[in-house]
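# A structural walkthrough
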Amino acid sequence: EVQLLESGGGLVQPGGSLRLSCVVSGFTFSSYAMSWVRRAPGKGLEWVSGISGSGDSTYYADSVKGRFTISRDNSKNTLFLQMNSLRAEDGALYSCARDQGTILTAQFDYWGQGTLVTVSS
Amino acid sequence: QSVLTQPPSASGTPGQRVTISCSGSRSNIGDNTVNWYQQLRGTAPKLLMYSNNQRPSGVPDRFSGSKSGTSASLAISGLQSEDEADYYCATWDDSLNGPVFGGGTKLTVL
């Protein structure tokens, strides 16, 4: 059974940092591209960042470019999102999602339940 | 402001057919395939349709998808109460070099 479990969310002050993790099981992690997708309260889904199966290619939404860094440890079946210089508008439920292939597309076939990030002073 | 435009709401009565539209541009829908997600209240999104009109295993054939030019549509026939959810279209955007989502459509079954 495919499972994705996020952690690392919490309350952080504006300008602060957080590191999210997503531990996966039930499939060959390195064979799939992965993404982080967020949903702010009262808003829709927003793709944040993605990474190829090998980790060689990374992609970012303009809203987080230069502040967030995505990475993965294929030996530990874990996806990461390092979030720096956090802003109030970054507050959201962050979910990791598996792409259907090795390269990034927009076909996310499995999702985690998410970890909540709140940015407030 | 989402790159892909969806109506914020749609509604129908049980048994009816409902269509949700998704409008984009050449750099996204025009040159790439469209996917649809269903998000029931309090749950993670679920891939409902991929590559314009392909249903993942387990998705009823009441759901169908289509694409024409820079627009796409999701149709739900034989509407059921359990179809009440938020629906999102998504595709790759060549200009932004990443996936983009529509703003979402909240479907209400009256």
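Residues numbered from 1 in each chain as written. Chains lettered and ligands numbered in written order. Predicted model: local features only at pLDDT ≥ 70, side-chain atom pairs only at ≥ 80, totals over all residues. Heavy atoms only, no water.

Moving on to the overall build of chain A. A tally of regular secondary structure across chain A gives zero helices and eleven strands. For chain A, the succession of helices and strands along the chain, N to C, is β-β-β-β-β-β-β-β-β-β-β. With the C-alpha coordinates aligned to their principal axes, the bounding extent of chain A is approximately 40 × 25 × 25 Å. A sequence separation of at least 24 residues applies to 55% of the contacts in chain A between residues at least 6 apart. Entry remark: accessible area of chain A is about 5400 Å², with carbon and sulfur atoms responsible for 46%. Counting 10 positive and 10 negative side-chain charges, chain A places the averaged centre of each group 4 Å from the other. (Helix = DSSP H or I, 4+ residues; strand = E, 2+ residues; numbered from the N terminus. Contact = heavy atoms within 4.5 Å. Areas by Shrake-Rupley, 256 points an atom, 1.4 Å probe, with all protein chains shown as cover. Lys, Arg positive; Asp, Glu negative; His and termini not counted. Charge placed at Lys NZ, Arg CZ, Asp CG, Glu CD.)

Moving on: the pattern of salt bridges. Across all of its chains, the model carries eight salt bridges over all chains by this definition. Across the salt bridge formed by A:R39 and B:D86, the nearest N and O atoms sit 2.9 Å from each other. Here A:R39, found in strand β4 (residues 34-39), pairs with B:D86, found in strand β7 (residues 85-93), and the two come from separate chains. On the accessibility criterion, B:D86 (14% relative accessible area) is buried. Of the charged contacts, one joins A:R67 and A:D90 as a salt bridge, the two residues approaching to 2.7 Å between their closest N and O atoms. In this pair, A:R67 sits in the loop between β6 (58-60) and β7 (68-73) while A:D90 sits in the loop between β8 (78-83) and β9 (92-99), placing the two residues 23 residues apart along the sequence. Residue classification places A:R67 among the buried positions, given a relative accessible area of 8%. Three or more residues joined by partner-sharing salt bridges are found here, namely A:R38, A:E46, A:R67 and A:D90. (Salt bridge = Lys/Arg side-chain N within 4 Å of Asp/Glu carboxyl O. Buried < 20%, exposed > 50% of the residue type's maximum accessible area, 1.4 Å probe, protein only.)

All names here are of chain B. With respect to the helices and strands, the residue G58 is situated in the loop between β4 (46-49) and β5 (63-68). The class for G58 is exposed, based on a relative accessible area of 67%. The spatial distance from the C-alpha of G58 to the C-alpha of L48 is 9.3 Å, given a sequence separation of ten residues.

A word on unusual backbone geometry. The phi torsion at A:S85 lies on the positive side, around 50°, for a residue other than glycine. Judged by its relative accessible area of 41%, A:S85 is partly exposed. If you check the backbone angles, B:S51 has positive phi at about 50° while not being a glycine. With respect to the helices and strands, the residue B:S51 is situated in the loop between β4 and β5.

Time to look at the state of the cysteines. By the definition in use, this model includes two disulfides over all chains. A sulfur-sulfur separation of 2.0 Å characterises the disulfide bridge that pairs A:C22 with A:C96. Where A:C22 bonds to A:C96 through sulfur, the torsion about that S-S bond is close to 60°, and the disulfide is right-handed. Pair noted here: A:C22 is in strand β3 (residues 18-25) and A:C96 is in strand β9, with a separation of 74 residues, a long-range link. For the pair formed by A:C22 and A:C96, the shared burial category is buried. Disulfide pairing places B:C22 opposite B:C89 at an S-S distance of 2.0 Å. Residues B:C22 and B:C89 are joined through a disulfide that is right-handed, its torsion about the S-S bond being 75°. In this pair, B:C22 is assigned in strand β2 (residues 18-23) and B:C89 in strand β7, connecting sequence segments 67 residues apart. (Disulfide = S-S within 2.5 Å.)

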